[in-house]
Amino acid sequence: QVQLVESGGGLVQAGGSLRLSCAASGRTFGRYVLGWFRQAPGKEREFVGSINWNSDSAYVDSVKGRFTISRDNAKNTIYLQMNSLKLEDTAVYYCAAADRLVDSTRYQYWGRGTQVTVSS
């Protein structure tokens, strides 16, 4: 019901900022919980943050105060604003969607990811 495409990744200096975008197809974007995940080399995929249909957001402790998720329903797009980037933020970042009419606790749809590399 929805297709997701991430963009905005790249190389950034430690302490710098980067904004990722996730563009979604479909006519029912507003009913999805949208999540950001990341996977670093040699590590398991981890949850970064999420935003629901009411724009309530949640974050993993390691990014609180540095990352902000927002959504623009008119553009069918969510964003991950990343500030004060650290070396350990280096990972492939994925966006995912959970349909609240199916199961809002499970992410049924995934993008292909975008690489974020933080250098010293």
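Look up a bit, the structure's there.
Residues numbered from 1 in each chain as written. Predicted model: local features only at pLDDT ≥ 70, side-chain atom pairs only at ≥ 80, totals over all residues. Heavy atoms only, no water.

Notes on the overall build of the protein
Test applied: Each helix is a run of H or I in the DSSP string that is no shorter than four residues. Each strand is a run of E no shorter than two, and both are numbered from the N terminus. With the radius of gyration taken over C-alpha atoms, the globule rule is written as 2.2 Å times the number of residues to the power 0.38. Note on contacts: a residue pair is in contact if any heavy atoms of the two residues lie within 4.5 Å. To measure how exposed things are, a 1.4 Å probe is used in the Shrake-Rupley method; for residues, cover is taken only from the protein chains shown. By the counting rule applied here, Lys and Arg register as positive and Asp and Glu as negative, while His and the ends of each chain are not counted. Where a charge sits is defined by one atom per residue type, namely NZ (Lys), CZ (Arg), CG (Asp) or CD (Glu).
Within the protein one finds zero helices and eleven strands. Helices and strands appear in the protein in the N-to-C order β-β-β-β-β-β-β-β-β-β-β. Over its C-alpha atoms the protein spans a radius of gyration of 14 Å, differing by no more than 12% from the 14 Å that the globule rule assigns to 120 residues. At a minimum sequence separation of 6, the contacts of the protein that also span at least 24 residues come to 56%. Accessible surface, the protein: about 6,400 Å² in total, of which carbon and sulfur atoms supply 46%. Looking at charge distribution, the protein has the averaged site of its 14 positive side-chain charges lying 5 Å from that of its 10 negative ones.

Focus on the pattern of salt bridges
As a reminder, the rule being used: Salt bridges are defined by distance alone: a side-chain nitrogen of Lys or Arg within 4 Å of a carboxyl oxygen of Asp or Glu. Three exposure classes are used, based on accessible area relative to the maximum for each residue type with a 1.4 Å probe and protein chains only: buried under 20%, partly exposed in between, and exposed over 50%.
The final tally for this structure, using the stated rule, is five salt bridges. Note that Asp99 and Arg31 form a salt bridge whose closest N and O atoms lie 2.8 Å from each other. Of this pair, Asp99 sits in strand S9 (residues 91-99) while Arg31 sits in the loop between strand S3 (18-24) and strand S4 (32-39); the two residues are 68 residues apart in sequence, bridging distant segments of the chain. The residue Arg66 makes a salt bridge to Asp89 at a minimum N-O spacing of 2.8 Å. Here Arg66 is found in the loop between strand S6 (57-59) and strand S7 (67-72), whereas its partner Asp89 is found in the loop between strand S8 (77-82) and S9, with 23 residues between them in sequence. Arg66 sits in the buried class, given a relative accessible area of 10%. According to the relative accessible area criterion, Asp89 is buried, its value standing at 1%.

With respect to the nonpolar core
Threshold: By nonpolar core is meant a set of buried Ala, Val, Leu, Ile, Met, Phe, Trp, Tyr and Cys residues that side-chain atoms within 4.5 Å join together.
One finds Trp36, Met82 and Tyr93 to be the most contacted residues of the largest nonpolar core, which totals 28 residues. For this core, the secondary structure elements donating two or more residues are S3, S4, strand S5 (46-51), S7, S8, S9 and strand S11 (114-119). Those residues in contact with Met82 that sit more than four places away from it in its chain are Gly16, Ser17, Leu18, Leu20, Arg66, Phe67, Tyr93 and Val116.

Brief notes about the packing of aromatic side chains
Formally: In this scheme Phe, Tyr and Trp rings, the latter by its six-membered ring, pair at centre separations within 6.5 Å, and the angle between planes marks the pair as stacked below 30 degrees, edge-to-face above 60, and tilted otherwise.
In the structure shown here, the tally under the stated rule is five aromatic pairs. Ring centres of Phe37 and Phe47 lie 5.6 Å apart, and the angle between their planes is 75 degrees; this geometry places the pair in the edge-to-face category. On the criterion of sequence distance, the pair formed by Phe37 in strand S4 and Phe47 in strand S5 is long-range, its members being ten residues apart. Relative to Tyr107, the ring of Phe37 has its centre 5.1 Å away and its plane inclined at 85 degrees; by these criteria the two rings are edge-to-face. Placement of Phe37 in strand S4 and of Tyr107 in the loop between S9 and strand S10 (109-110) is noted, with a sequence separation of 70 residues between them. Note on Phe37: relative accessible area 9%, which makes it buried.

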